[in-house]
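Residues per chain are reported as follows:
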Amino acid sequence: MTAQNHNQSLENAYVCRRMPAEIEAALKERFVVKLNESDELTDSATIIERAKGVSVLLVTATERIDGNVLRALSPTLKTVATLSVGYDHIDLATARELGIEVLHTPDVLSDACAEVALMLLLNAARRGYEADRMVRSGQWPGWAPTQLLGKGLVGKRLGIFGMGRIGRAIATRSRAFGMQIHYHNRSQLGPEDAEGAIYHATLESLCRHSEMLLVAAPGSPQLKGTLDQAHIRALPPGAVVANISRGDIVDDDALIEALNNGHVFAAGLDVFANEPNVDPRYRALDNVFLSPHIGSATEETRNAMGWLLIDGIAALRRGERPANLLS
Ligand code: DGY
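Residues numbered from 1 in each chain as written. Predicted model: local features only at pLDDT ≥ 70, side-chain atom pairs only at ≥ 80, totals over all residues. Heavy atoms only, no water.

## Comments concerning the domain arrangement of the chain
We note that the domain assignment places domain 1 (3–108 + 298–317) and domain 2 (110–290) within the chain. Inter-centroid distance (C-alpha atoms) of domain 1 to domain 2 is 32 Å. Counting residues at the interface gives ten residues for domain 1, matched by nine residues for domain 2. For the pair domain 1 and domain 2, the summed buried area comes to about 680 Å², and 51% of that belongs to carbon and sulfur atoms. Contact with domain 2 buries surface across domain 1, with Val85, Asp88 and Asp107 losing the most and accounting together for 56% of the total. Taken together, the connections running from domain 1 to domain 2 amount to two salt bridges. Where Asp88 meets Arg246, a salt bridge forms, and the shortest distance between an N and an O atom there is 3.2 Å. Summed over the shared surface of domain 1 and domain 2, the number is two residue pairs in polar contact (both at pLDDT 80 or more). (Domains from an automatic or database assignment. Contact = heavy atoms within 4.5 Å. Buried area = accessible area lost by both parts, 1.4 Å probe. Salt bridge = Lys/Arg side-chain N within 4 Å of Asp/Glu carboxyl O. Polar contact = N/O pair within 3.5 Å; in protein donor to acceptor, adjacent residues only side chain to side chain.)

Following this line, the structure appears as structure tokens:
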């Protein structure tokens, strides 16, 4: 087959963000690829314009793939593949209606996300931001018995809101830090998955018991604002809060009030409502450790996520149903 014939037999794909080099190279071998070369964030209208006529759309959580986008790209569009485990940015119901397959990237990122969850928890509890700033600014007066006293993890009750794959990977690591694991989930886990973690049927009950709380629930419009003022006030005084999930699950007014009045000792946040426009009040607080949505950001994980999508598309074209197919 000539190069031209080969290209004619390939599907067209639009790739909304720059991918790791290995993944871009693999995509180019399998599709006629149009890339968002400059990697800027694109709105729905731009995606529709650039992706017109493609059968594969590679997106991430920074693109909103709503009904309008799907309808505008249908019927040529066959597959939307998102480089994320979360799919709250994709209108699955409309995708199903239009017969568009949606793939995501579960499992391969659970360990990386759990590592960042612990990074958030440790930095919040042990005052990582203030510690770094003290040394970096040249303001460290030297060791002192009362300097930067934080909270240890050993023996603390850790509440995990959302005990899916990532929540359980967090639990595994937190047990090694000597924490007691409590959780709230849509349903109670079987003993093998729970590994002794204590189930709470309501988030309110979990909050009342959580000296440290980790939000790991999947992002969804239904969970918006769930960790509200009542839940935050239910936490024991001096609690630590970390969020690895989606920013809009947390009511920012309520969390900032609690961080200001000390009811919450500290927070560690990797996700925010309206990213990348972080609520400026967080930036003014010393007792918040901030991180720019890097849960899955390791080279090996991002490559694994990319391959899961590439292999998933290949499986779909063979008429199979890959495990990462959502609709
Ligand atoms: C995910 O995989 O959902 C991460 O939050 C990155 O978007």
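## A closer look at the UniProt feature "domain: D-isomer specific 2-hydroxyacid dehydrogenase catalytic" (unreviewed entry) in the chain
When the UniProt feature table is mapped to this numbering, "domain: D-isomer specific 2-hydroxyacid dehydrogenase catalytic" (unreviewed entry) covers residues 18–325. Between the end C-alpha atoms of residues 18–325 there is a gap of 22 Å, over a span that is 39% helix and 15% strand. (UniProt positions renumbered as here; feature names shortened; annotations may be inferred. Helix = DSSP H or I, 4+ residues; strand = E, 2+ residues; numbered from the N terminus.)

## What to know about the site of the ligand
In the vicinity of the ligand, the contacting residues are Ala61, Ser84, Val85, Gly86, Leu109, Arg246 and His293. Arg246 places a polar side-chain atom, nitrogen or oxygen, 2.7 Å from an oxygen atom of the ligand. His293 places a side-chain nitrogen or oxygen 2.6 Å from an oxygen atom of the ligand. Relative to its free-state accessible area of 230 Å², the ligand is covered by the protein chains to the extent of 88%. (Near = heavy atom within 4 Å. Areas by Shrake-Rupley, 256 points an atom, 1.4 Å probe, with all protein chains shown as cover.)

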